[in-house]
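# A structural walkthrough
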Amino acid sequence: MTDHATQLPHVTPRITINRAGLWLFFLSETMLFSGILATRFSLLGTEVHEDVSQTIGLVITSILLASSYTALRAEHAASSGDRATCAKYLWLTLALGAVFVAGVAYEWAEAFDAFPASTEFGTVFFLMTGVHAFHVITGLIFLAILLNNARLGRYDDDAWPVEAGVKYWHFVDVVWVFFYPALYLI
Amino acid sequence: MNILRGLVGGALGYVVGAGLMMAIRSSAGGRAWEVESVTAGAWLFALSGWLLGVGVWRYWARGWFGRDVAPYTATGGRRYLDFDTDHKVIGIQYLVTFLGMFFMAGLFAMLMRWELMGNGEDIVGPDQYNSIMSLHGTMMVFVAVAATVGAFGNYVVPIMIGADDMAFPKLNAMSYWLVPPVLIALTASFLAGGYDTGWTGYAPLSVQSDVGGLFFNLAFFTLGLSSIVGAINIVVTVVTMRAEGMTWTRMPIFVWSIFVTAILSFIFTQFIGLAMLMVVLDRTAGTIFFDPAAGGSPLLYQHVFWFYSHPAVYIMILPAFGITLELVSTFTRKPLFGYKWAVGALLGIMSLSAVVWAHHMFTSGMAEALRKPFLASTELISIPTGLIFLCALGTLWLGKIRFEVPMLFALGVLFNFLIGGITGVFLADVPVDIQLQDTYFVVAHFHYVILGGGIFGLFGATYYWFPKMTGRSMSDRLGKVHFWWMMIGFNATFLPMFILGMQGMNRRVADYSPDLESANFAVSMGGFFLGTSFVIFLFNFIWSWARGPAAPADPWGSLTLEWQIPSPPPHENFTSPPLVLSDPYGYGDPDSVHADLARDGAKTVVEK
Amino acid sequence: MSGDESKKANTRWVVMTGLLWVVATVLGELAVAAIEWHPFGASREARITDDAFDLLMVLSVPVISFVLVMGGVALVRGRGGVIDEDGPPVRSHRLFIGGWVVLTSALAVLVIITPGFSGLDELRAEPVPDLVIDVHAERWNWVYTYPESGRETQGELVLPVDQRIMFRISSTDVIHSFWIPAFRIKQDAVPGQITTTMVTPEALGEFDNADELRVQCAELCGVGHARMWTGVRVVTEAEFEEWLAGAGG
Ligand code: HEA
Ligand code: HEA
Ligand code: CUA
Ligand SMILES: [Cu+2]
């Protein structure tokens, strides 16, 4: 019973394996964030909350989106071996990310008075922004490590770590693209 | 010692995290120290500290900071206490750890049966009873979810597909080393007086329970992390690391079962994390997810919990199905009957398992309109599950049957799961479930499927692969004694529970009405009988590992790849990358060769 | 054995398996019919539920006996295998697989799901109550209020026979579950929510004579969970009116 089937290439390239792992991780995380969104709709329906600051929401969202762009540039630079440009854009991304976190922190400070955790909206707000901010902060830590290593030229031959960190950063941004309207607009 | 470093790291992490939490709390104007909030917040830090200390730092993370990683030097037995990245070491670590947890949880069950032996409260009060019951359920669920996948998914799957290791060996080690914190949290919970919510931890009761409940949440959360990491690793391994010629339709059915299990695991486990997180927030951060007075919803917890925990029951059973079919084919010396239908069944169960969760909530007060769709979807799962039986029966038919110990366990799975599955169909019928929900009928149902199916499968796999893993044979005679003792004890314990349930005994009670006493006495006797059967197993397991006769490479005459290499396998598994030529079920076909293991002339030793 | 002979032998085994299956099924059904599975039942709902249970019992006998008989025959026939002797390389059998898929699907859809649906419909028929009772659960006792008369009781639930009764169930602290085994009704008491369930008691009786006539908490609610029960007494309508009005109870 020897049939002729398509045969896998003997050894899958490391980069493919790594990418597969990363994407499965994103898929898994997507389930977490979908669960959080579902929780939000189950508790709040489609209620709009007036107390959130539309200005801050808009500003931090734009900043996060901008940081996705700078992250992309860093990845491109890394893959073409341009460590100076890569480092520059990683810096920018870090800075923008930090501003985003600061924005969320400011919102939190406001929230403690306007809609504390003991209210329906507050509960949802702290869950969504909290879990998301946790991911942003871990992303910032990754980016900082990447920045340090990129400057020292450790990614000149293998830009995978940069790619992974940047993809993660994009992922966290995409999550916010869904969270932002669910918190501020609907 | 790395474990020591891990403990120190964990303690340091806890201190740092606790400091941070206390700073936040006092700056928010509260009392700095409050054990629950501080511990909840510090847990992630403690986890990170533990992982870094136990080996992540030395062997891995130093590299991120441009330092050289330490050379790995442990050899021999010490590897099992180290951050070893060999999938075979990790498989054994999982097996031993979870067998240990199984025996602990079993001893709790013995205590429960002791208390329930007679009417009235004899041994423990209702409070302790609830704690013991909850710990028993929780630990057993952990065993059922993680033991088979962790032990044999790790040990056997890479070899079966012709790989030299998992796709991410370091992550693999990390997913194992996330388990000791689970044990620590469970112990802490026990020492803190336990919790009285059952393994399901329904809110709002769980929000109000003592500090032990917090540790339950943290333990479940941590096990979830470990499962997700491990599952991603398995999926990537199966997708990308198969040897040349190992196409999807040539994969052993056990690999398929673990693959599908891992998919379920990395997708759904996030929800248990979310459920636990929300309870912890309600307990410590003043949120109101489950507090109806402030607009929260108790039913929300149940939805999120069962959205994970129903698929989790298939995480518990699918590996056992895979093992059963593998063993039935090996010990009938026949190809697996209806291979594609078996694969289809696994995929069908996987897809349906996402849409049946509310059958645990028929009486919960959820919208009436949801009952019918969930009744229907639950009943539909019988169809793919039935296909597993179809394949097993088709393989048995005309088989040349050898009643080796693993085969006995496989037959045990088929018998027990048949009863468990059919009684599941009863429970899915809403009118019947309304009466039987939260009675011993349910308790009997899930022991039949988890213990009778999943755990029998785990023991079958242990007997089957023990020679491969240790290079030694287990005593056949003791194995047979264990099987029959366990099989009889199991049925004697859990069959009467169906009757108890129908007679109106509800679960999670330390005391019951007097007319149920004789049946409960019988159940307890059966339980003790069942419990002692494991003494034989333990003796056989330990003695054979230390002293058993050397095992040949392929004692069972099986064709899958792991049996074509020496016992125990060498570090890199194969001397040359295997070339797979056909599926591993070529029994009765003398021309069939599963794989060429000596492509570049290297010789592998195989004796029968 | 020549091909022809082995084919004949095989047919004989198949026929024998079939016969055994029929015999086992008949015996199984007789045994199932002979056993009284249900505890004391005292309501319209109990009849519906017990019928549903009995139907499933009847259906599961042939399924279980088929798996056991076919497996058992195969084991007996094939026993004594040795490591060097392979079985025939049969990988598929169209009739067996096709028949199995069709039959189990039909079984699931036609004889399990459909009766399940109609059983549910039956339970929900007659939605207009003659009497409403408020049931309130808190750790760890039950409080019953009869809104029309304002009467409130704790130790015992008194119900009139042959009346359609609706319970409106609520809870203050954690989830409890309102279960009367003799009536086969169960409904969780969820804080922040009013759940309902309906029953028509059909037999007189009280807890002292029938254990099943009790309100039992069926959802773990803490230390007192096991003891969170009260007796139920079903009385005639006249007695009930008297009880409601009187100071007697
Ligand atoms: C390994 C774990 C496992 C497995 C595999 C299953 C399998 C099934 N379970 Fe079970 N279940 C649990 C573990 C499991 N369960 C646990 C732990 C609980 C309790 C949790 C708690 O509350 O603590 C529970 C509770 C539970 C309930 C809720 C009871 C209640 O609390 O009120 C229900 C209700 O529908 C249910 C149904 C089913 C069904 C229909 C299946 C089906 O998958 C079974 C399908 C199999 C067969 C039907 C047999 C083989 C098929 C054939 C031979 C084909 C022909 C047959 C037909 C067409 C009918 N289960
Ligand atoms: C894998 C799953 C699994 C397994 C294997 C078991 C095994 C057993 N269970 Fe389990 N049980 C559950 C999962 C499991 N259980 C779950 C999920 C619950 C629900 C909890 C809840 O409601 O929340 C439950 C609840 C439960 C109840 C209901 C409690 C209640 O509702 O009040 C009962 C009652 O009898 C019971 C009994 C038993 C018994 C007698 C065994 C026996 O099989 C145990 C056999 C005995 C041993 C395994 C001990 C052997 C040990 C030795 C021989 C000593 C060796 C010594 C050393 C290593 C030091 N269990
Ligand atoms: Cu109230 Cu259990
Ligand atoms: Cu389920």
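Residues numbered from 1 in each chain as written. Chains lettered and ligands numbered in written order. Predicted model: local features only at pLDDT ≥ 70, side-chain atom pairs only at ≥ 80, totals over all residues. Heavy atoms only, no water.

Quick look at the overall build of chain C now. The helix and strand inventory of chain C stands at four helices and 11 strands. For chain C, whose C-alpha radius of gyration is 27 Å, the value lies well above the compact-globule estimate of 18 Å for 249 residues. Out of the 249 residues in chain C, the part that is buried amounts to 47%. Carbon and sulfur atoms make up 61% of the accessible area of chain C, which totals about 11700 Å². Chain C carries 19 positive and 33 negative side-chain charges, and their two centres are separated by 12 Å. (Helix = DSSP H or I, 4+ residues; strand = E, 2+ residues; numbered from the N terminus. Rg over C-alpha atoms; globule rule 2.2 N^0.38 Å. Buried < 20%, exposed > 50% of the residue type's maximum accessible area, 1.4 Å probe, protein only. Areas by Shrake-Rupley, 256 points an atom, 1.4 Å probe, with all protein chains shown as cover. Lys, Arg positive; Asp, Glu negative; His and termini not counted. Charge placed at Lys NZ, Arg CZ, Asp CG, Glu CD.)

A word on the confidence of the model for chain B. Of the residues in chain B, 99% have a pLDDT of 70 or more, and the chain-wide mean is 93. Within chain B, strand β2 (residues 595-596) of chain B has the poorest average pLDDT of any element, 86, and helix α17 (residues 440-470) of chain B the best, 97. (pLDDT = per-residue confidence, 0-100.)

Our next topic: unusual backbone geometry. Residue P204(B) follows A203(B) across a cis peptide bond; omega there is 0°. The residue P204(B) is located in the loop between α7 (179-191) and α8 (205-208) in this model. Omega for the bond connecting S567(B) with P568(B) falls within 30 degrees of zero, at -15°, which places this linkage in the cis form. Tracing the backbone through its elements, the reader meets P568(B) in the loop between α19 (517-547) and β1 (579-580). Backbone geometry places D162(C), a non-glycine residue, at a positive phi of 60°.

Right, let's get into the coordination of the iron atom of ligand 2. All names here are of chain B. Ligation of the iron atom of ligand 2 by protein atoms is provided by H136 (NE2) and H447 (NE2), these donors lying 2.0 to 2.1 Å from the ion. Because the angles between the six donor atoms bound to the iron atom of ligand 2 fall within 86 to 179°, the donor set is best described as octahedral. Here the residue H136 occupies a position in helix α4 (residues 126-155), and H447 occupies one in helix α17, the gap between them amounting to 311 residues. Like H136, the residue H447 is buried in the burial classification. (Donors = N, O, S within 2.8 Å, 3.2 Å for Na, K, Ca; no water. Tetrahedral: all angles 85-135°; square planar, octahedral: opposite > 155°, others 65-115°.)

Moving on, we come to the site of ligand 2. All names here are of chain B. Near ligand 2 you find 33 residues, and of these R113, Y129, H136, H447 and R508 are the closest. A distance of 2.8 Å separates a nitrogen atom of ligand 2 from a polar atom in the side chain of H136. W199 is positioned with one of its backbone polar atoms (N or O) 2.8 Å from an oxygen atom of ligand 2. Looking at the shell around ligand 2, the elements with two or more residues in it are α3 (87-116), α4, α17, α18 (476-502) and α19. Of all the elements, α3 adds the most residues to the shell around ligand 2, at eight residues. Considering only residue class, the shell around ligand 2 consists of 24 nonpolar, six polar and three charged. (Near = heavy atom within 4 Å. Polar contact = N/O pair within 3.5 Å; in protein donor to acceptor, adjacent residues only side chain to side chain. Nonpolar A, V, L, I, M, F, W, Y, C, P; charged D, E, K, R; others polar.)

Here we come to a negative patch on the surface. There is a patch of like negative charges on the surface, built from D130(C), E148(C), D162(C), E237(C) and E241(C). Counting through the fold element by element, D162(C) comes out in the loop between β4 (156-160) and β5 (165-171). (Patch = residues over 30% accessible without salt bridge, like charges linked within 9 Å, V, L, I, M, F, W, Y side chains within 5 Å. Salt bridge = Lys/Arg side-chain N within 4 Å of Asp/Glu carboxyl O.)

Moving on to the site of ligand 1. Around ligand 1 there are 32 residues in total, and Y314(B), D433(B), Q437(B), H445(B) and R507(B) lie nearest to it. The local environment of ligand 1 is shared, drawing residues from chains B and C. Within the contact set of ligand 1, an oxygen atom lies 2.9 Å away from a side-chain nitrogen or oxygen of W199(B). Mapped by element, the contributors of at least two residues to the shell around ligand 1 are α11 (298-332), α14 (382-396), α15 (405-428) and α17 of chain B together with α3 (94-124) of chain C.

Looking now at the pattern of salt bridges. Per the stated rule, a full pass over the model turns up 24 salt bridges over all chains. Between K88(B) and D86(B) there is a salt bridge whose closest N-O contact spans 3.3 Å. D86(B) sits in the buried class, given a relative accessible area of 4%. A salt bridge links E368(B) to R124(C), with the nearest nitrogen and oxygen atoms 3.5 Å apart. Note that E368(B) is positioned in the loop between α12 (339-352) and α13 (371-380) and R124(C) in helix α3, a pairing that runs across two chains. Through salt bridges with shared partners, one network takes in R79(B), D84(B), D86(B) and K88(B).

Put simply, the ideal angle at a metal is 109.5 degrees for four donors in tetrahedral geometry and 90 or 180 degrees for six donors in octahedral geometry. All names here are of chain B. The copper ion (ligand 4) binds to the protein through H310 (ND1), H359 (NE2) and H360 (NE2); the donor distances cover 1.8 to 2.1 Å. Each donor residue of the copper ion (ligand 4) lies on the same chain, and together they follow the pattern H-x48-H-H. The metal-metal distance between the copper ion (ligand 4) and the iron atom of ligand 1 is 4.6 Å. With a relative accessible area of 14%, H359 lands in the buried category. Assessed through its relative accessible area of 25%, H360 is described here as partly exposed.

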